[in-house]
2 protein chains.
Amino acid sequence: MRNIKLTIKYDGTRYHGWQSQQNAVTVQEVLENAIFKLAGARPRVTGCSRTDTGVHAEMFVCNFKAETTIPADKLPLALNTHLPQDIICIKAEDADSDFHSRYCAKKKRYTYYIQNSQFPDVFKVNYAWHYSYKLDIDAMQKAAKAFLGEHDFIGFAASGFTVKTTVRTIYDISVEKNGDLIKISVLGDGFLYNMVRIIAGTLAFVGCGKINPDDMEDIINSCDRKRAGITAPPEGLFLTEVFY
Amino acid sequence: MRNIKLTIKYDGTRYHGWQSQQNAVTVQEVLENAIFKLAGARPRVTGCSRTDTGVHAEMFVCNFKAETTIPADKLPLALNTHLPQDIICIKAEDADSDFHSRYCAKKKRYTYYIQNSQFPDVFKVNYAWHYSYKLDIDAMQKAAKAFLGEHDFIGFAASGFTVKTTVRTIYDISVEKNGDLIKISVLGDGFLYNMVRIIAGTLAFVGCGKINPDDMEDIINSCDRKRAGITAPPEGLFLTEVFY
């Protein structure tokens, strides 16, 4: 049995996230249907992350076991003929039999976009959070540094999930402004549920003066969800890179 | 009676172009409905250009006559509450009574995007023409120069329209590549029906070797539609600037 690793990209606007669920169209289900049309079998596809409704992926890795004889380098083009235009497979490889796209992921990078202008940009409505109050980038950059390193991020997680530990390591975080678009990029060994969106919402609160950047370290250490900012909306979030 | 000049932006994906028509939703109709909700009257809105189905506008100017007492600086925000998220008004001004957004336009800039890569980009599907054959940018830049100046562009126009003259002046044209995105920018005193899309399709033919860049001047002078390239699809086209 082959263990096939796929690298895909998707615009999450029309989907209820990655993971299959009743009564809602998800990326996993659409991809499994495409594999079925191609390979005649319907293997469960394991994803590297459970993205939420409206969240996008510039790079998403998943894997599935199948007997198909289609060579790996022919798979992307073959799969794409059965995929809608907002999901695309860009690479397929034969992986080791123990490769697991979620458990084997060592680092992930997420990017969050805030469109900071008086009016929303019609071309960014589904790809950025429109925030009309002027944001202070210097303050956001200063506050972002507090996230670096190993911390218990329980104060930056939505409830309703179970994990062994809420300790995560952030290797890199940056806040850049280009025109009216603010890009927050976070590289970590893993992320709790809604963690990047809460980081983005908290940095927006810093940017508009609701949170003092000097308090950021204290807010993280408090492990108190109520001291962090709001959960930024899903449309601004992109899974950008997965490292193995 | 006031003559109100609006500057709007729209994502044309969902619309059958600017101009109102039976049995199809257009930007003009949606904008007129929003003005009706706001001003209680339904004036005809005159647009600076008749964009086609799927064509976008980063800047589009239109005007209408109305008695409303809403100050111009309050109009954008008021109108936007009645507009869908893919159409936005960014500016409103009281114009002279003889201002006409189409007849008074002196220059327009259109931008055409080609996404030149093996696979389409899921985030560019509605905003660029996916062209998978490798394009030679140098050849396209060389050929583009032939469009500069005053020419009879009848060979670069779709049939089925009436204009007084098919002579137009191109003031500026550029072809740039950024990653896998090719941007063709054209500034002219006016454009014939489908002219920018035919220029883009012809430059793509130059880029893939079907047309020799040295033949470009001759092709333009021939006034023969059959010698130019194909009409590039609408989704790559943006009206970018209008000058008065």
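Residues numbered from 1 in each chain as written. Chains lettered and ligands numbered in written order. Predicted model: local features only at pLDDT ≥ 70, side-chain atom pairs only at ≥ 80, totals over all residues. Heavy atoms only, no water.

Student: Run through helix H3 (residues 137-144) of chain A, naming residues and quoting values.
Tutor: All names here are of chain A. Burial in H3 covers these residues: Ile137, Ala139, Met140, Ala143 and Ala144. Viewed end-on, H3 has its buried residues packed into an arc of 160°, placing them on one side of the element. Considering only its buried residues, H3 is in contact with strand E5 (107-115), strand E8 (167-178), strand E9 (181-188), helix H4 (195-207) and helix H5 (216-222). The N-cap of H3, judged by a side-chain oxygen 3.0 Å from the amide nitrogen of Asp138 a few residues on, is Asp136. (Buried < 20%, exposed > 50% of the residue type's maximum accessible area, 1.4 Å probe, protein only. Helix = DSSP H or I, 4+ residues; strand = E, 2+ residues; numbered from the N terminus. Arc of directions from axis to C-beta. Contact = heavy atoms within 4.5 Å. Polar contact = N/O pair within 3.5 Å; in protein donor to acceptor, adjacent residues only side chain to side chain.)

Student: How would you sum up unusual backbone geometry? Please name residues and give values.
Tutor: Even without being a glycine, Cys223 of chain A presents a positive backbone phi close to 55°. You can call Cys223 of chain A partly exposed: its relative accessible area is 31%.

Student: Requested: an account of the packing of aromatic side chains, with residues and values cited.
Tutor: Per the counting criterion, the structure on display carries 26 aromatic pairs over all chains. Geometrically, the ring pair formed by Tyr113 of chain B and Phe238 of chain B is edge-to-face, given 5.4 Å between the ring centres and 90° between the ring planes. Here Phe238 of chain B lies in strand E10 (residues 237-243) and Tyr113 of chain B lies in strand E5 (residues 107-115), a separation of 125 residues in the sequence. Accessibility assignment for this pair places Tyr113 of chain B and Phe238 of chain B in one class, buried. Site record: aromatic cluster; members linked through ring pairs are Tyr112, Trp129, Tyr131 and Tyr133 of chain A. The positively charged end of Lys107 of chain B is found above the aromatic ring belonging to Tyr171 of chain B, 4.8 Å away from the centroid. (Phe/Tyr/Trp six-rings, centres within 6.5 Å; stacked < 30°, edge-to-face > 60°. Lys NZ or Arg CZ within 6 Å of the ring centre and 35° of its normal.)

Student: Would you mind going over the domain arrangement of chain A in detail, with residue names and values included?
Tutor: Residues and elements named next belong to chain A. By domain assignment, chain A separates into domain 1 (2-95) and domain 2 (107-243). For domain 1 and domain 2, the distance between their C-alpha centroids amounts to 27 Å. Listed by partner, the interface residues are 14 residues for domain 1 and 15 residues for domain 2. Across the domain 1 to domain 2 interface the summed buried area is about 1200 Å²; carbon plus sulfur atoms make up 53%. The interface formed by domain 1 and domain 2 contains one salt bridge. The interface formed by domain 1 and domain 2 holds 11 residue pairs in polar contact (both at pLDDT 80 or more) in total. (Domains from an automatic or database assignment. Buried area = accessible area lost by both parts, 1.4 Å probe. Salt bridge = Lys/Arg side-chain N within 4 Å of Asp/Glu carboxyl O.)

Student: How would you summarise the relation of the copies chain A and chain B if you had to cite specific residues and measurements?
Tutor: What relates the two chain copies is a rotation about an axis together with a slide along it. Under the fitted operation, chain A is carried onto chain B by 0.0 Å of movement along the axis and a turn of 180°, and the coordinates agree to an RMSD of 0.0 Å. The transformation just described matches what one would write down for a two-fold rotation axis. Closest to the rotation axis within chain A is the C-alpha of Phe123 of chain A, separated from it by 5.3 Å. When the interface residues of chain A are mapped onto chain B, 100% of them again fall at the interface, so both copies present the same face. (Least-squares fit on C-alpha atoms with pLDDT ≥ 70 in both.)

Student: If you had to explain the side chain of Asn3 of chain A to someone new, which residues and values would you point to?
Tutor: Residue and element names in this part refer to chain A. Within the secondary structure layout, Asn3 lies in strand E1 (residues 2-10). Look at Asn3 and you get buried, because its relative accessible area is 2%. For Asn3, the side chain forms a polar contact with the side chain of Asn63, separated by 3.0 Å. Within the structure, the side chain of Asn3 is placed 3.0 Å from the backbone oxygen of Phe99, a separation counted as a polar contact. Not counting residues within four places of it along the chain, the set of residues in contact with Asn3 comprises Asn63, Phe64, Lys65, Glu93, Asp94, Ala95, Asp96, Ser97, Asp98 and Phe99.

Student: Could you give an account of the nonpolar core, with specific residues and numbers?
Tutor: All names here are of chain A. Ranked by size, the top nonpolar core spans 71 residues in total, and within it Leu6, Ile8, Ile114, Phe156, Ile184 and Leu203 carry the most contacts. If one sorts the elements of this core by residue count, H4 sits on top with nine residues. For this core, the domains that each give at least three residues are domain 1 (2-95) and domain 2 (107-243). Excluding residues within four positions of it along the chain, Leu6 makes contact with Leu31, Ile35, Phe60, Val61, Cys62, Phe64, Leu79, Cys89, Lys91 and Ala92. (Core = buried A, V, L, I, M, F, W, Y, C linked by side-chain atoms within 4.5 Å.)

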